[in-house]
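A structural walkthrough
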Amino acid sequence: MIPPLIRLAGLAMVYAAVPLTLGSSRTLYLPSAMALLYVIAAIGFGALLRGAKVTSFVERTGYVCLGWYLILLAMDVFHGGLFHARLNYHSDVLRHNFGLLAFPFFVVGLRELRPDPRTLEWVIAPCVLLFLGLVVYQYVVLGISRPTGLDINPIFLALTYLVWCLFLLARALSSPGVEWSRLVVALVGLIPIALSGSKLVWVATLLAYGSIFVAWWWDGGRWRTLGFAAAVAVPTSWLLYQLDVVQTRTGLFVGEFSAFLASGDTSGGSFGLRYVAAVAALRAFLDRPFTGYGLLHSKLAAVDHQAPGESPFAFLSTLHNDYVTQMVAFGVLGLVYLLFLIGAFLFVAVRAGDTATRRLGFALGGALAVYMLAAIISTNFLLRGLVFFVLGLLFARVDLQRLQGDDATAALPAMSGDGPHVNHGAATGWSWKMPRRSVLLLMLAALIGLGGLAWSTRPSFLRTTQVALLSDDPATGVHEWALWRTVRGSVSWMLSDGPDGAEIQAAVDVPTRALSIELTIRPNANEALPYSHVVEIVNNSDPAFKSQSIAKIGRLHFKKHTEAEGKPLLGAVWESEADTFRMGLPVGAKNVDANLRLMRQGSVLLTIVYESGRTATLTLLKGARGNAVFAAALADWRKRSVAH
């Protein structure tokens, strides 16, 4: 069916997902699981063009995924998300949810590649043991309290270990007997999970492992084996608790939780700040329960709804709760979407014809549901790749089982037990042909989405925007805003012909802070005003975010580069009204010449004072386009001044 070389390469990608997710693609510059998913989806896309069978199971899955993608995309458009410059934001719905469009083709690709579960086990087990050795070495020899493996977040590493070890555990207990080699590796994999220090992953692991053991016993497992497992689990748990990181993290959480119950203290980062963030996010959700604020502004909305006196949490990178994040972003639909992702594991588990797939689906669905109570998966690229990849493996398994049943209309590849048995006669008679209309619609949607994805990730040299940086002043910051890190935005420089000559215009957009500013520098021909030029700044920020209301601005500063000290333009802000501020530059040949010389420098700084009293500095980089705009405007102004 699939050409041998393509099938070999595809299978290599399936098996390579295990070490790639346990390692770190950021450090090794290797493709992530999501990137492999897209390649395998392309193989599935090609298989459909060559006449691969599409079951109603996959077709319905494709339409559900397409529906959710369009819903989330429509809400992103409603919030203006698609019109922000593409600067690799974690909340880019167009990019991060493209996996929904690719998922049904990924399932088809996996089904046609026919990865052998036993081979996958033989890949998982050595990788688990190899990275276990690295983690133990880091902990014992290097003294790293929370080992990172190949420089991956220890919590991400623990969750990845949980996923692959659950795969082994479900396979080890797929019958009343026990596959001891798989079981031992699955149990040894608990060590990196314990060393991660993630209490959330610990709870998810306890529930997932326990559910598989109970399901195995309920279906006829041996009492003696269950008793042996319990006898091993008790001393193992005691030994793991003796680890410094386990005792420290457990004690920290217990102390913070006790302080919260006793006095309402929410200053602790292990529990208190996450609690405050979740409560503030729920307040924001109740203000907009149906439309939300958009994924880009979910954290800002939560910070904006923080009550006075509550512990600041703005320095947290996320809200640390996927449920409230999605609720703030998309309202009720956001919560339904997240439940859809969790329910997908349960959906495939119910329809699985083999015990291992069924138990793994239920266990993983429950583990992810627990994990997302205080962590983020939906906008984390590495974890999303892991989740979608494993979910695709389960869906492909069920789809293959259905092809062997009533849905099969021709001789198709069969899988019996653990090894694939290919009916080579099925490969004959295949040719490129147009799929039926319903499948063609899914393929067309995927191609359109791919085009949008390519445009949103286009190289920086094809863009007309430059970087804008917004940083709060810690000396005069108010509450948590003093802790908010510098955020990136964009500035687009333009040159226009005004009634009095060339005008410099800049459209500034800092999406994560809902800051949108229009800056204009134009010559002044009104003799009633004693100014050579006028600088006008208009604040177009979303009124939903009261914390972003601007009270006043400072003078424009220019500097050669971002590390240099800036010098202000001569002049002062002479007029302020609702969201509009004007600065006049004085007349006189010496003053005008000094200001024009300053404008030739490479960066622009603007001090912003908000209604709350906090201050921030906005840095605008000119880049090649900005320098060209300023050069053309300055030349025009000098030419007109000579003419007069």
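Just so it is clear, the model here is predicted, and its values are computed rather than measured. (Residues numbered from 1 in each chain as written. Predicted model: local features only at pLDDT ≥ 70, side-chain atom pairs only at ≥ 80, totals over all residues. Heavy atoms only, no water.)

**Quick notes on the overall build of the chain**
Looking only at helices and strands, one finds 22 helices and 14 strands in the chain. Within the chain, the proportion of its 644 residues that are buried is 53%. In the chain, the proportion of contacts linking residues at least 24 apart, taken out of those at least 6 apart, comes to 69%. Here the chain has roughly 28,000 Å² of accessible surface; of this, 64% comes from carbon and sulfur atoms. (Helix = DSSP H or I, 4+ residues; strand = E, 2+ residues; numbered from the N terminus. Buried < 20%, exposed > 50% of the residue type's maximum accessible area, 1.4 Å probe, protein only. Contact = heavy atoms within 4.5 Å. Areas by Shrake-Rupley, 256 points an atom, 1.4 Å probe, with all protein chains shown as cover.)

**Examining the pairing of strand 11 (residues 572-577)**
Note that strand 11 and strand 12 (residues 580-586) share five bridges and pair antiparallel. In the strand pairing of strand 12, Glu577 is matched with Thr580. Hairpin connection from strand 11 to strand 12: two residues lie between these consecutive antiparallel strands, with Asp579 at a positive phi of about 65 degrees. (Pairing = 2+ DSSP bridges.)

**Structural notes on unusual backbone geometry**
Of note in this structure, Asp151 is not a glycine but carries a positive phi near 60 degrees. Tracing the backbone shows Asp151 in the loop between helix 7 (117-140) and helix 8 (154-172). Given a relative accessible area of 42%, Asp151 falls into the partly exposed group. Its identity is not glycine, yet Ala514 carries a phi of approximately 50 degrees, on the positive side.

**A word on helix 1 (residues 4-22)**
In a regular helix each residue adds 1.5 Å, so 19 residues correspond to 27 Å; helix 1 covers 28 Å between its end C-alpha atoms and thus fits that length. If you look at helix 1, its biggest bend is around 35 degrees, right at Ala16, and the proline Pro19 turns up within four residues after that. Every buried residue of helix 1 is listed here: Gly10, Leu11, Val14, Tyr15, Ala17, Val18, Leu20, Thr21 and Leu22. Looking at the packing, one finds that the buried side of helix 1 touches helix 3 (33-49), helix 6 (98-113), helix 7, helix 8 and helix 19 (381-403). (Expected span 1.5 Å × (residues − 1). Bend = angle between axes of the 7 residues up to and from the residue.)

**A word on the environment of Leu286**
Here Leu286 lies in helix 14 (residues 272-287). Residue classification places Leu286 among the exposed positions, given a relative accessible area of 63%. Along the chain, Leu286 and Val332 lie 46 residues apart, while their C-alpha atoms are 9.9 Å from each other.

**A few points about the pairing of strand 6 (residues 515-523)**
Sheet topology places strand 5 (residues 501-510) next to strand 6; seven bridges connect them, and they run antiparallel. Of the residues in strand 6, the one forming a bridge with Gln505 is Thr520. Between strand 5 and strand 6, which pair antiparallel in sequence order, lie four residues; one of them, Ala514, sits at a positive phi of approximately 50 degrees. Pairing between strand 6 and strand 7 (residues 531-539): seven bridges, direction antiparallel. Paired with Glu518 across the bridge in strand 7 is Val538.

**Examining the packing of aromatic side chains**
Scanning all chains against the criterion turns up 22 aromatic pairs. Here the aromatic rings of Phe260 and Phe271 are separated by 5.2 Å at their centres, their planes lie at 70 degrees, and the arrangement is edge-to-face. Highlighted residues: Phe260 in helix 13 (residues 244-263) and Phe271 in the loop between helix 13 and helix 14, separated in sequence by eleven residues. For the residue pair Phe260 and Phe271, the accessibility class agrees, reading buried in each case. (Phe/Tyr/Trp six-rings, centres within 6.5 Å; stacked < 30°, edge-to-face > 60°.)

**A short note on a nonpolar patch on the surface**
Judged by side-chain polarity, Val136, Tyr137, Val140, Val141, Leu142 and Ile144 come together as a nonpolar surface patch covering roughly 520 Å² of accessible area. As for its position among the elements, Val136 is in helix 7. (Patch = residues over 30% accessible without salt bridge, like charges linked within 9 Å, V, L, I, M, F, W, Y side chains within 5 Å. Salt bridge = Lys/Arg side-chain N within 4 Å of Asp/Glu carboxyl O.)

**Re the confidence of the model for the chain**
Taken as a whole, the chain shows an average pLDDT of 83; of its residues, 86% reach a score of 70 or greater. Below pLDDT 50 for its whole length, residues 406-417 participates in 31 contacts with residues either more than four positions away or in separate chains. A low-confidence stretch, residues 419-430 (pLDDT under 50), is modelled with 22 contacts involving residues beyond four sequence positions or located in other chains. (pLDDT = per-residue confidence, 0-100.)

**Thoughts on the side chain of Thr357**
Assignment of secondary structure puts Thr357 in helix 18 (residues 355-371). Taking the relative accessible area as the measure of exposure, Thr357 reaches 6% and is therefore buried.

**Re the pattern of salt bridges**
Tallied over the full model, the rule gives 13 salt bridges. Where Arg171 meets Glu121, a salt bridge forms, and the shortest distance between an N and an O atom there is 2.4 Å. You can see Arg171 sitting in helix 8 and its partner Glu121 sitting in helix 7, a full 50 residues away along the chain. The pair formed by Arg171 and Glu121 is uniform in burial state, with each residue classed as buried. Asp354 is the partner of Arg397 in a salt bridge, and the nearest nitrogen-oxygen pair spans 3.8 Å. Residue Arg397 is located in helix 19, and its partner Asp354 is located in the loop between helix 17 (332-351) and helix 18; the two are separated by 43 residues in the primary sequence. Three or more residues are tied together by salt bridges with common partners; here these are Arg111, Glu112 and Asp399.

**Quick notes on the environment of Ala74**
Relative to the helices and strands, Ala74 resides in helix 4 (residues 56-78). Classification of Ala74 as partly exposed rests on a relative accessible area of 46%. Through-space distance from the C-alpha of Ala74 to that of Val93 is 9.8 Å; in sequence the pair is 19 residues apart.

**Overview of helix 19**
Relative to the 33 Å expected for 23 residues at 1.5 Å per residue, helix 19 spans 32 Å between its end C-alpha atoms, a close match to the ideal helical length. By the criterion of burial, helix 19 is predominantly enclosed, with 19 of the 23 residues buried. Where helix 19 begins, the capping side chain belongs to Asn380, and its oxygen is found 3.2 Å from the backbone nitrogen of Leu382. (Polar contact = N/O pair within 3.5 Å; in protein donor to acceptor, adjacent residues only side chain to side chain.)

**Brief notes about the packing of helix 17 against helix 18**
Two elements in contact, helix 17 and helix 18, have axes whose closest approach is 7 Å; the angle formed by their N-to-C orientations is 165 degrees. Between helix 17 and helix 18, the interaxial angle falls into the category roughly antiparallel. Of the two elements, helix 17 crosses helix 18, and the hand of that crossing is left-handed. Contact residues: Ile342, Phe345, Leu346, Ala349 and Val350 in helix 17; Arg358, Gly361, Phe362, Leu364, Gly365, Leu368 and Ala369 in helix 18. Split into classes, the residues belonging to the contact of helix 17 with helix 18 amount to nine nonpolar, two polar and one charged. (Axes fitted to C-alpha atoms, helices over the stretch in contact; angles between N-to-C directions. Parallel < 35°, antiparallel > 145°, perpendicular 65-115°, else oblique. Left-handed = near helix turned anticlockwise from the far one by under 90°. Nonpolar A, V, L, I, M, F, W, Y, C, P; charged D, E, K, R; others polar.)

**Some details on the packing of helix 1 against helix 7**
Helix 7 packs onto helix 1 with a crossing angle of 20 degrees between their chain directions and a minimal axis gap of 9 Å. By the angle between their axes, helix 1 is roughly parallel relative to helix 7. Seen from above, helix 1 lies across helix 7 with right-handed handedness. In this structure, helix 1 contributes Tyr15, Val18, Pro19 and Leu22 to the contact, and helix 7 contributes Thr119, Leu120, Val123, Ile124, Cys127, Val128 and Phe131. Grouping the amino acids of the contact of helix 1 with helix 7 by side-chain chemistry returns ten nonpolar, one polar and no charged.

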